[in-house]
Amino acid sequence: MNATAARTWNVWGGLITLATIACAVVWAFPLYWGVVSSLKPEDEVVRPYIELWPETLTFQHYVHAIFATQIGAWYLNSVVVALGVTVICVFTSMLCGYAISQLRFPGRTALWWLILASFMVPTQALIINHFVLVAQLGLLNTWAGIMLPQLIHPVIIIVYKQFFDQVPRDFREAAVMDNASEFAILFKVYLPMNWGVTTALSIVCFIWTWNAFLWPFLAVTKTEMMTVTVGITQVNDAFGIYYARELAAAVLAGLPVALAYLFFQRRVTEAITLSAGIKG
Amino acid sequence: MLKDRRSDILVALVLIAPFLAIYLLVFVYPTIQMFRISFTDAPLIGAGSWKGIDNYARLDNDPMFRRALWNTLYFVLLTVIPGTLIALLIALGVSRLAGRLQALVLALFFLPYILPVSVVYLLWDWTLNFQFGIAMHVLDWLGIARIPVTKSATWFMPAVAWVTIWWTAGFSILLFLAGLRTIPTEIYEAAALDNASRWTTFRKITWPLLRPVSALVLTIQLILQLKIFDQVYLFSQGGRPNDNMVLVYYVFQRAFQQNQGGRAAAVAVTLFVLVVVVSVFQFQLLRFAERRRQ
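Note that the structure is predicted; figures quoted are calculated from it, not measured.

A. Just the overall build of chain A, in detail. Helix and strand counts for chain A stand at 15 helices and 0 strands. Along the longest, intermediate and shortest principal axes, the C-alpha atoms of chain A span 75 × 75 × 35 Å. Within the span of chain A, comprising 280 residues, buried residues form 42% of the whole. Taking the intrachain contacts of chain A between residues at least 6 apart in sequence as the baseline, contacts between residues at least 24 apart amount to 75%.

Here it is, written out as structure tokens:
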């Protein structure tokens, strides 16, 4: 490559880099704009021109959201439901993934195909019968009712199976020689060797459940039993529209998952790539 | 040895039992019930009498069902290919960066994906607000008349499609980045030695090697967008949901607002079959790609 060609190549490269960064800033702008608007007094929010920073910085809308709405109760509901689903789902998937990966039993292949096939089932199509089922169990408007249909993420089993498959056979044979039970092998050998994947899957399972909308929206009719995700869109102030208040509620609802992502960035991206069937 | 084997089976049974119980309760049973009540005139809760294929026959000249089907396909058209292309472009840009800058830029593009749909809705409802939304200021600068986006029959779907692309692109970007990382740098070095232009390098190296990932992203997007509901529902609040009817919304309306479980189930079965057919196609495609790689 001669010098001129190299220089134009670099100029173009620099321009592409700049364009990428500019796009990223524009892309994330609505996030910034939402947060900034929630920190302005209501009369500043509706000014006919753009102010990128509040003239008077105020937390009044957050105070309002926390003390004058039911967001505290919704938060509790979301935390309980998301934690409950995460613990039950990850634990049962781990057990099942271990059995399929390490044990030989009749029906193993059939079970594996059943799990693969369930990928295709659109849960949105099952809302009617989920509702009937949960109503018959008397679980509408309860935490258990919101959790029940969300307890299955087949992909978690598949990821666990792949990771358990990769554990060298020597570890297993050594444990079997020591007369360790299957449970001991799972909890003392296989699980500790895969803490990374367990953490990653737990974080994304928590995020998925926190973000779920359709089912929690159907399963709950009482405002005090709503999850945050549903509550902030279903309960409006009775008199007039307060944009900044709505945005403050939105920021509060998004904060836990945004923080979970920012703290565990690598784990989250790893788990999400894994869940699409690509080995990271 | 025989005793060992029997205890092995017993242990396996204990290990898979919790999963299997939940699976049968929330997957298999509701699926069977959905098919069953789609042949009855059952209300949302309660028994109905057998109607044969009546509910399906009625779909044929149900204008609302047609609109729901058409709008769903329109939404798929507006999101799947444009969204994948945008994600690919972003991924190509991000992959050129390195270190902390790359992590930061990726985080800016990825953050929306991690947020709940209701937060995304509130952010964009505010951004697109007819009176005060910042997007309207942009239209003013460009000298274009303001558009009440979410209240306009023409602009509703494109706007919701754009919001959906903004919301979900992070996921596709991540998959494309994973795909780009598997391409060995030696190939690019060889191309640079041959004085290959940027465009030739992309066309002859990057794109062919990315094709399996692109197929994956496209089909995941396709299946995801067929099941569209949340955003359409939220943006239609206080508007005219019937103009923006999509399949899942129609299931919801028939079952939960008109108390017609049987007729809603027929729509649900249609959606179910549609998604299963596309998924089988996707599975075959992936297997094909896998075989070609080996």
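B. Up close: helix α11 (residues 195-211) of chain A. Residue and element names in this part refer to chain A. Spanning 17 residues, α11 covers 24 Å between terminal C-alpha atoms, matching the ideal 24 Å at 1.5 Å per step. Most of α11 is tucked away: 12 of the 17 residues are buried. Among all positions in α11, only Val 197, Ala 200, Leu 201, Ser 202, Ile 203, Val 204, Cys 205, Phe 206, Ile 207, Thr 209, Trp 210 and Asn 211 are buried.

C. Looking closely at the nonpolar core. Core analysis: the biggest nonpolar cluster contains 166 residues, and Phe 109, Ile 173, Val 251 and Ala 268 of chain B have the highest contact counts within it. Lining this core are residues from two domains, each supplying at least three of them: domain 1 (3-61) and domain 2 (63-275) of chain A. Residue contacts for Val 251 of chain B: discarding those within four places in its chain leaves Ile 127 and Ile 128 of chain A together with Ala 264, Val 267, Ala 268 and Leu 271 of chain B.

D. Geometry of the domain arrangement of chain A. All names here are of chain A. Per the domain assignment, the segments of chain A are domain 1 (3-61) and domain 2 (63-275). Summarising the inter-unit geometry, the C-alpha centres of domain 1 and domain 2 are found 33 Å apart. With 10 residues of domain 1 at the interface, the matching set in domain 2 holds 11 residues. If you list the elements that add at least two residues to the side of domain 1 that touches domain 2, you get α1 (3-38), α2 (42-45) and α3 (60-68).

E. A look at the interface of chain B and chain A. At the junction of the two partners, chain B supplies 70 residues and chain A supplies 75 residues. Among the elements that make up the side of chain B that touches chain A, the one with the highest residue count is helix α1 (residues 2-37) of chain B (16 residues). Its residues placed into classes, the side of chain B that touches chain A shows 56 nonpolar, 9 polar and 5 charged.

F. Structural context of helix α9 (residues 169-177) of chain A. The buried fraction of α9 of chain A is low, at 0 of 9 residues. Of the residues flanking the end of α9 of chain A, it is Asn 179 of chain A, one or two places downstream, whose phi is positive at about 65°.

G. Highlighting the environment of Gly 170 of chain B. All names here are of chain B. Structurally, Gly 170 can be placed in helix α7 (residues 153-181). For Gly 170, a count of 24 C-beta atoms within 10 Å corresponds to the buried category. Along the backbone, Gly 170 and Thr 182 are 12 residues apart, and their C-alpha atoms lie at a distance of 19 Å. Once you skip the residues sitting within four places of it in the chain, Gly 170 turns out to touch Phe 109, Phe 110, Pro 112 and Tyr 113.

H. Examining the confidence of the model for chain B more closely. On average, residues of chain B score 90 in pLDDT, and 97% of them reach the 70 mark or higher. Put simply, helix α12 (residues 261-293) of chain B is where chain B has its lowest mean pLDDT, 85, and helix α11 (residues 247-257) of chain B is where it has its highest, 96.

I. Region of the structure containing the packing of helix α3 (residues 63-96) of chain B against α7 of chain B. Residues and elements named next belong to chain B. Running from amino to carboxyl end, α3 crosses α7 at an angle of 40°, the nearest separation of the two axes being 6 Å. In terms of orientation, α3 and α7 fall into the oblique class. Read as a crossing pair, α3 and α7 show a hand that is right-handed. Class assignment for the residues of the contact of α3 with α7 results in 19 nonpolar, 8 polar and no charged.

J. A look at unusual backbone geometry. The backbone of Asn 141 of chain A shows a phi angle near 60°, a positive value even though the residue is not glycine. Tracing the chain through its elements places Asn 141 of chain A in the loop between α6 (127-136) and α7 (143-147).

Basis of the calculations
- Residues numbered from 1 in each chain as written.
- Chains lettered and ligands numbered in written order.
- Predicted model: local features only at pLDDT ≥ 70, side-chain atom pairs only at ≥ 80, totals over all residues.
- Helix = DSSP H or I, 4+ residues; strand = E, 2+ residues; numbered from the N terminus.
- Buried ≥ 20, exposed ≤ 12 C-beta atoms within 10 Å, placed from the backbone.
- Contact = placed C-beta atoms within 7 Å.
- Expected span 1.5 Å × (residues − 1).
- Core = buried A, V, L, I, M, F, W, Y, C linked by C-beta atoms within 7 Å.
- Domains from an automatic or database assignment.
- Nonpolar A, V, L, I, M, F, W, Y, C, P; charged D, E, K, R; others polar.
- pLDDT = per-residue confidence, 0-100.
- Axes fitted to C-alpha atoms, helices over the stretch in contact; angles between N-to-C directions.
- Parallel < 35°, antiparallel > 145°, perpendicular 65-115°, else oblique.
- Left-handed = near helix turned anticlockwise from the far one by under 90°.

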